[in-house]
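This is what each chain is made of:
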Amino acid sequence: MVVTRRLLPETQRRMAELFEVTLNAEDRPMSHDALIEAVREAHVLVPTVTDRIDADVIAKAGPNLGLIANFGAGIEHIDLAAARARKIIVTNTPGVFTEDTADMTMALIISVPRRLTDGEREIREGTWDGWSPSTLLGHRIAGKVLGIVGMGRIGQAVALRARAFGLAVVYHNRHRLPQALEDHLGVRYEPDLDRLVQEADILSLHCPLNAGTHHLIDARRIAMMKREAYVVNTSRGELIEESALIAALEAGAIGGAGLDVFAHEPEADPRLKRLPNVVLLPHMGSATFEGRLASGDKVIANIRFWADGHRPPDQVIEGWA
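First, a word on what this report is: a plain description of the structure on this page. Positions within a chain are numbered from 1, following the residues in the order the chain's sequence is written. Two thresholds apply to this predicted model, a pLDDT of at least 70 for residue-level local features and 80 or more for giving and counting side-chain atom pairs, whereas whole-chain, interface and lining totals are computed over all residues. Side-chain numbers here rest on the full set of heavy atoms in the structure, without hydrogens or water.

### Examining the nonpolar core
Threshold: We define a nonpolar core as any set of buried Ala, Val, Leu, Ile, Met, Phe, Trp, Tyr and Cys residues linked to one another through side-chain atoms lying within 4.5 Å. In this scheme, a residue with accessible area under 20% of its type's maximum is buried, one over 50% is exposed, and one in between is partly exposed, where area comes from a 1.4 Å probe on protein chains only. Segments assigned H or I by DSSP are reported as helices when at least four residues long, segments assigned E as strands when at least two residues long, and all are numbered from the N terminus.
Counting 32 residues, the largest nonpolar core has Val149, Leu203, Val231, Ile240, Leu245, Leu249 and Leu259 as its most contacted members. Broken down by secondary-structure element, the contributors of at least two residues to this core are β5 (145-149), α9 (193-199), β8 (202-205), α11 (242-251) and β10 (256-259). In terms of residues, this core owes the most to one element, α11, which gives 5 residues. In this structure, Leu108, Ala157, Leu167 and Tyr230 belong to the second largest nonpolar core, which totals 26 residues.

Dropping the structure here:
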């Protein structure tokens, strides 16, 4: 078994007890060639979102590779069709980061309109000269409309938190939630994404990245947003047409953005770093000890089920012969 990134010590110790495992002590992302070398010999590959397991990597896998046990819920970095063709099972770790990502989303929903990073910067740089009734003014979030795009586990967890802050929540999803769940969450369904974008004071993205959602929030939709609206993204950077977002932020066409993910990670566009109306975080929405440990536990469980000849509980690909 090959693990591509350094995991929590407890997880790595448990893996070493149970399996013959090769760990990544340096925690450097593996190159394309290194991934190919790993799949040639391994029975199990444990990748993360930083690893591109494309068709070329899978095509060069040796006959032993039977399981790709992804650490994390997102699987857009794995070519599922290529894995299916080779009858390689793919698993992920859904649900373990829901609360953590929802917490981080709420942190951005608050910090961008209220300019928390501007205030923190003044303290650190020694430029704050005392309280004034007309400085560091932001916007109240209570009474505003939060538009949630993608109403899965994380979107629902954000909705519950948002209600406590007095936000009115409207959501767009491929499928409408049952009425009882809408009532529990206190949300309203909007089947037209364009209308949601136009209505929202804060737009929060929680959908997976795939061919249908790539640049879902593009230049056309960004132009529909209110002038004082904010966009928050803790999902995947490619959901937003980043160049169009930057242009709108630079022009003051929208109020601001809170971004935990970027189109070309680990690089963030230098123009974003220069903008005062943007809060930037280094993809840390899932960065809790509890979540990362739970994800490791799920990886181990999936491997043990597979090794024992059983269907892993978090199998992504269905329909094996």
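### Here's the deal with the sheet that holds β10
Selection criterion: Two strands form a pair only when DSSP identifies at least two bridges running between them. In this analysis, axes come from line fits to C-alpha atoms, helices being fitted only over the stretch in contact, and the angle between any two N-to-C directions falls in the range 0 to 180 degrees.
The 7 strands lie next to each other as β7-β6-β5-β8-β9-β10-β11, forming an open sheet whose pairing is parallel. The outermost strands of the open sheet, each flanked by one partner alone, are β7 (187-189) and β11 (278-280). Direction aside, the axes of adjacent strands within the sheet are offset by 20° on average. Both β5 and strand β6 (residues 168-172) contribute to a ladder of 5 bridges, which runs parallel.

### Section: the pattern of salt bridges
Our working definition: Should a side-chain nitrogen of Lys or Arg be within 4 Å of a carboxyl oxygen of Asp or Glu, the pair is scored as a salt bridge.
Across all of its chains, the model carries 21 salt bridges by this definition. In this structure, the salt-bridge partner of Asp27 is Arg5, at a minimum N-O distance of 3.0 Å. Linking Asp27 in the loop between α1 (9-18) and α2 (32-41) with Arg5 in the loop between β1 (2-3) and α1, this pair joins segments that are 22 residues apart in sequence. Residue Arg236 is joined to Glu76 by a salt bridge in which the shortest nitrogen-to-oxygen separation is 2.3 Å. One end of the pair, Arg236, is in the loop between β9 (230-233) and α11; the other, Glu76, is in the loop between β3 (67-69) and α4 (80-85), with 160 residues separating them in the sequence. Residue Arg236 is classed as buried on the basis of its relative accessible area, which comes to 17%. For Glu76, a relative accessible area of 28% gives the class partly exposed. If you follow the salt bridges from partner to partner, you end up with Glu99, Asp103 and Arg161 in one network.

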